[in-house]
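Listed below are the residues making up each chain.
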Amino acid sequence: MSGPLHLVLAEITAGTPTLAEIARRTGLTDDVVHAAVDHLVRAGRVTSTELSLGCPTGGCGTCPSSDGCSLPAALGARRPGLVSLSLATRVA
Amino acid sequence: MTDSTRVRLSLAPTVIPPMSAKACCHTVADQTAGTTEPVVALVGAPNTGKSTLFNGLTGSRVTMGNWPGTTVEVSRGVWRTTLESPTCHCEDCSCADAESPLAITLLDLPGAYSLDAHSPDEQLTRGLLQDGTADERPDLCVVTVDASRLAHGLYLVSQIRELPLRVVVAVTMSDVAAQRGVSVDTVLLSQALGCPVVATDPRRRTGLAALATAVRTTLTDPAPAPRSVPASDDTLVIDDDRFTWLSAAAAQATVVPGHDRLTLSDKVDRWVTAPVAGPLIFLAVMWAVFQVTTTVAAPLQDALDRFFSGPVSHAVVSLLTLAHLNGSWVEGLLVNGLVAGVGMLLTFVPLMALMFVLLALLEDSGYLARAAVVTDRLMRTMGLPGRAFLPLVVGFGCNVPAISATRILPDARQRLLTVLLVPFTSCSARLTVFVMLGSVFFGANAGTAVFGMYVSSVALVVLVGLLLRRTLWRTMGAEPLIIDLPAYHVPTLRLTAAVVWQRLRGFLKTASGIIVITVCAVWVLQAIPTTGGEGFGHVPVENSVYGVVARSISPAFAPAGFDQWQTASALIVGFVAKEAVISSWAQTYATEQPQPGQAGLLGDHIQAAFQQSSGGHPLPAVLAFMVFLLAYTPCVATLAAQRREVGLRWTLFGVGMQLVTAWLLAVAVFQVGRLFW
């Protein structure tokens, strides 16, 4: 089996760091790679987490970054951020 | 005229019984086409222009928007179609008059990425198109597909093509695709998909007549043979077959920028995410951030320092004199406690603001995401779990949410290991202390000193992680992790300013909250005498409870070069919060020199203390102090979070490990450093 989904899953398993790198290695277009990953996320085979380099939640009272990270979303101006993808545990 | 009626369908939360698209049309409301007229279902993923197309075809006004999940209702309207060019030219033809308008009942189904029923919207679409009988299904499906994200939309097409349904594909957003250099050949796509494909622009109302023609023509034909799928119990095999089919169709019909035609973003990424150049560039960028911050903010910080120790202190004393409270314990608390302690912390506001601005610019531009790739690669190279990188990155902002973020790790041992490593990430609270000591001892090279602490922090995480993995968690496997990088952006002033203000507000909240409480507690401890004959608030600090306890502990730091009770006491107070290290220093030295204006610069006192305690080697001593500060317990809030996540036993283990690591490293730094400085 070497369809796009298997190719993308194999690259994720191998630890390929970015989607652009997956597209380069598999020869698939960026569009197909993104579609494949989105499908794998919806199917529960890959988990997706949006990252923030500051506090993702309320933080603590002694932290300068406290509750500072939900602001862009609250402003409605949030841009696509850093998203991490990893294999879900259900995949052997 | 509005020819549509909305029909709200009641859905069971989990099971969608087979439903009839035609019954839905013909039993509700009165503004449908006749019961013999064809029913066409409009389906497609969210944000593909489906609702806009529906409005354009029916003239109705339904809620439309550019955000996911808008179409939560099934809308229904009458689409009055005519043919662009009649297909029948018989003079005495008895067939349906092709030139006459044909009313079609048009259903606007909820946005759905697939028929896999992962969401209620998809359950509804699946129920209408797949689970019903042939009589219950619509006569034809129009599938909207975004030309700029063709592969995303074609998955739904592939599933519908497996059903005995007539299908017409409406390609939308060709203008967006064109902006990205992508063009879709509808003829080639039609050949690849085995169904008509029409380019439409619902917003500009172009292509609607061609769509009507394609739909009416297709309605006169029998449903095409369903596309065959491999017989397999493994859904991944079937899904992969669909992706093979759709990627071939997309490749055949799409002209995209070649792989050799790299965008500027691609060219930049080739360097900033490269295995060797990436970390070097990241280090250079962070060094520049710290250097710019300390250099630019230093004059402002000095001015604020003089402001708080001069005019503000004098003003408070004058007011207290007017109130006949000069020389009382109230003056001690206000002047030597709050003004000195909290005021010193507030001198860091310009510095923190500048730092937050630079980091926000890096984050908003998309560069920090690339730095995350570099960090992640380092983690995995060292054999640490890839996903552990996430909370560790958060830890550089604040350790407390970072410890909470370890919940994303599925393996309990990974969670425990990461919880133990998070306190070694240099949170921004420590930054204030590093910057102050860097400015005092390293002058123009303060930025480099602070940068060195951040590099040491990463090294500490990696080394302790490796040590623990080689001892306690030898069987733990690393999990793969992949990062979807956002595109580079020009940072926006509004977003940057908002983020900076929010974080700065957090800093001010800390200064006005827990630090005020800590300052008051320290002042009380400094006011309580340990020997007889001295009253409350009238005792030399070294003879107070605070001083005596600190003096009993400070010899432990003699091998590290900072056996000074003032320094040791700051580390003790630092258990509460790292910002309190500065406030307690300012408070202690102000109390020793109680007259406003005579306290002198705090930096001079600290320099003298390290000079004395290190036996003439202040630089290695202060570096040892900074390393100790980096490695030992961040704050009580972090301890509480650790206890919540891994229990008291492992929390105590972590505290012990941090203290031992901090002490050993500090001693090593001083003992080695004194050989050279």
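Structural data are supplied above this passage.
Calculation criteria
- Residue indices begin from 1 for each chain and proceed along its sequence in written order.
- To label them, take the chains in the order written and letter them from A, then take the ligands in the order written and number them from 1.
- Residue-level local features of this predicted model are given only where pLDDT is at least 70; pairs of side-chain atoms are given and counted only at 80 or more, and the full residue set underlies all totals for whole chains, interfaces and linings.
- With hydrogens and water set aside, each side-chain value is computed from the structure's full complement of heavy atoms.
- A run of DSSP states H or I qualifies as a helix once it reaches four residues; a run of E qualifies as a strand once it reaches two. Both are numbered from the N-terminal end.
- Relative accessibility thresholds used throughout: buried, under 20% of the residue-type maximum; exposed, over 50%; partly exposed, between the two (1.4 Å probe, protein chains only).
- Every residue pair with non-hydrogen atoms within 4.5 Å of one another is taken to be in contact.
- For two strands to be treated as a pair, DSSP must find at least two bridges joining them.
- Every case where a carboxyl oxygen of Asp or Glu lies within 4 Å of a side-chain nitrogen of Lys or Arg is listed as a salt bridge.
- Only centres within 6.5 Å qualify two rings of Phe, Tyr or Trp (six-membered ring in Trp) as a pair; their planes then separate them into stacked at under 30 degrees, edge-to-face at over 60, and tilted for everything else.
- By definition, being over a ring means that NZ of Lys or CZ of Arg is both within 6 Å of the ring centre and within 35 degrees of the ring normal.
- N or O atoms closer than or at 3.5 Å make up a polar contact, with two conditions inside protein: a donor-capable atom paired with an acceptor-capable one, and, for residues adjacent in sequence, both atoms drawn from side chains.
- Multiplying 1.5 Å by the residue count of a helix minus one yields the expected span of that helix.
- A patch consists of residues whose relative accessible area exceeds 30% and which take part in no salt bridge; residues with like charges are grouped when within 9 Å of each other, and nonpolar side chains (Val, Leu, Ile, Met, Phe, Trp, Tyr) when within 5 Å.
- For every accessible area listed, the method is Shrake-Rupley and the probe measures 1.4 Å; residues are considered covered only by the protein chains on display.
- A right-handed crossover is one whose linking path, passing over the helix from the first strand to the second, runs clockwise when the strands point away from the viewer.

**Brief notes about the overall build of chain A**
Part 1: Each helix and strand in chain A was counted, giving four helices and two strands.
Part 2: Sequence-ordered secondary structure for chain A, helices as α and strands as β, is α-α-α-β-α-β.
Part 3: Per-residue burial for chain A yields a buried fraction of 53% across its 92 residues.
Part 4: For chain A, the proportion of contacts with a sequence separation of at least 24, taken over those separated by at least 6, is 59%.

**A look at the pairing of strand β2 (residues 39-44) of chain B**
Residue and element names in this part refer to chain B.
Part 1: Among the six residues that make up β2, six are buried, leaving the element largely enclosed by the rest of the structure.
Part 2: Here β2 shows two buried faces, one formed by Val39, Ala41 and Val43 and the other by Val40, Leu42 and Gly44.
Part 3: Looking at chain direction, β2 and strand β4 (residues 102-108) are connected through four bridges and run parallel. Pairing of Val40 across the sheet is with Leu106, part of β4.

**Topic: the pattern of salt bridges**
Part 1: Here the structure, examined in full by the defined rule, presents 14 salt bridges over all chains.
Part 2: When the shortest N-O distance is used, the salt bridge between Arg45(A) and Asp234(B) registers 3.9 Å. Within this pair, whereas Arg45(A) is found in the loop between α3 (30-42) and β1 (46-50), its partner Asp234(B) is found in the loop between α7 (208-219) and α8 (235-253), the two belonging to separate chains.
Part 3: On the basis of relative accessible area, Asp234(B) is assigned to the partly exposed category, the value being 34%.
Part 4: Look at the salt bridges and you will find they share partners, linking Glu162(B), Arg227(B), Asp239(B), Asp241(B) and Arg242(B) into a network.

**Some words on the packing of aromatic side chains**
Think of a pair of aromatic rings as described by two things: how far the centres are apart, and how the planes are tilted against each other in angle.
Residues and elements named next belong to chain B.
Part 1: Throughout the structure, instances matching the rule amount to 13 aromatic pairs over all chains.
Part 2: Between Phe441 and Phe610, the ring centres sit 5.5 Å apart and the planes meet at 85°, which makes this aromatic pair edge-to-face. Taken together, the residues Phe441 in helix α17 (residues 428-442) and Phe610 in helix α24 (residues 602-613) connect sequence positions 169 residues apart.
Part 3: Between the aromatic rings of Phe557 and Phe562, the centroid separation amounts to 5.1 Å while the plane-to-plane angle is 25°, which identifies the pairing as stacked. Across the pair, exposure class does not vary: Phe557 and Phe562 are buried alike.
Part 4: A connected cluster of aromatic rings, assembled from ring pairs, spans Phe441, Phe557, Phe562, Phe575, Trp585, Phe610, Phe625, Phe628 and Tyr632.
Part 5: Lying across the ring of Trp245, Arg227 places its NZ or CZ 4.8 Å from the centre.
Part 6: Residue placement shows Lys578 over the ring face of Tyr632; its charged tip is 4.1 Å from the ring centre.

**Describing the environment of Thr293(B)**
All names here are of chain B.
Part 1: Relative to the helices and strands, Thr293 resides in helix α10 (residues 277-322).
Part 2: Note on Thr293: relative accessible area 0%, which makes it buried.
Part 3: Put simply, Thr293 and Leu351 are 58 residues apart on the chain and 6.2 Å apart in space, counted from C-alpha to C-alpha.
Part 4: Non-local contacts of Thr293, meaning those with residues more than four positions away in its chain, are made with Leu351, Leu354, Met355 and Leu358.
Part 5: In this structure the side chain of Thr293 is engaged in a polar contact, spanning 2.6 Å, whose partner is the backbone oxygen of Val289.

**Considerations on α3(A)**
Residues and elements named next belong to chain A.
Part 1: Under the 1.5 Å per step criterion, the end-to-end length of α3 is 18 Å for 13 residues, consistent within 8% with the ideal 18 Å.
Part 2: Of the residues making up α3, those classed as buried are Val32, Val33, Ala35, Ala36, Val37, His39 and Leu40.
Part 3: Directly after α3, the chain includes Gly44, whose backbone phi takes a positive value near 80°.

**Here we look at unusual backbone geometry**
All names here are of chain B.
Part 1: Positive phi values are uncommon outside glycine, yet Asn47 reaches one of about 65°.
Part 2: Residue class for Asn47 comes out partly exposed when judged on its relative accessible area of 27%.
Part 3: With a phi angle near 55°, Met173 is a residue other than glycine that sits in the positive phi range.
Part 4: Position of Met173 relative to the elements: it lies in the loop between β6 (166-172) and α5 (174-179).

**Notes on a nonpolar patch on the surface**
Part 1: Together, Trp329(B), Val524(B), Leu525(B), Ile528(B) and Phe536(B) make up an exposed nonpolar region whose accessible area comes to about 430 Å².
Part 2: Position of Phe536(B) among the secondary structure elements: in the loop between α20 (514-527) and α21 (545-553).

**Some points on the pairing of strand β5 (residues 140-146) of chain B**
Residues and elements named next belong to chain B.
Part 1: By the criterion of burial, β5 is predominantly enclosed, with seven of the seven residues buried.
Part 2: Alternating positions in β5 separate into two faces, Leu140, Val142, Thr144 and Asp146 on one and Cys141, Val143 and Val145 on the other, with burial throughout.
Part 3: As defined by bridge partners, β2 adjoins β5 across five bridges and the pair is classed as parallel. Pairing of Gly44 across the sheet is with Thr144, part of β5.
Part 4: As defined by bridge partners, β5 adjoins β6 across seven bridges and the pair is classed as parallel. Across the sheet, Val145 pairs through a bridge with Val171, a residue of β6.
Part 5: The parallel pair β5 and β6, bridged by helix α4 (residues 150-160), forms a crossover whose chirality is right-handed.

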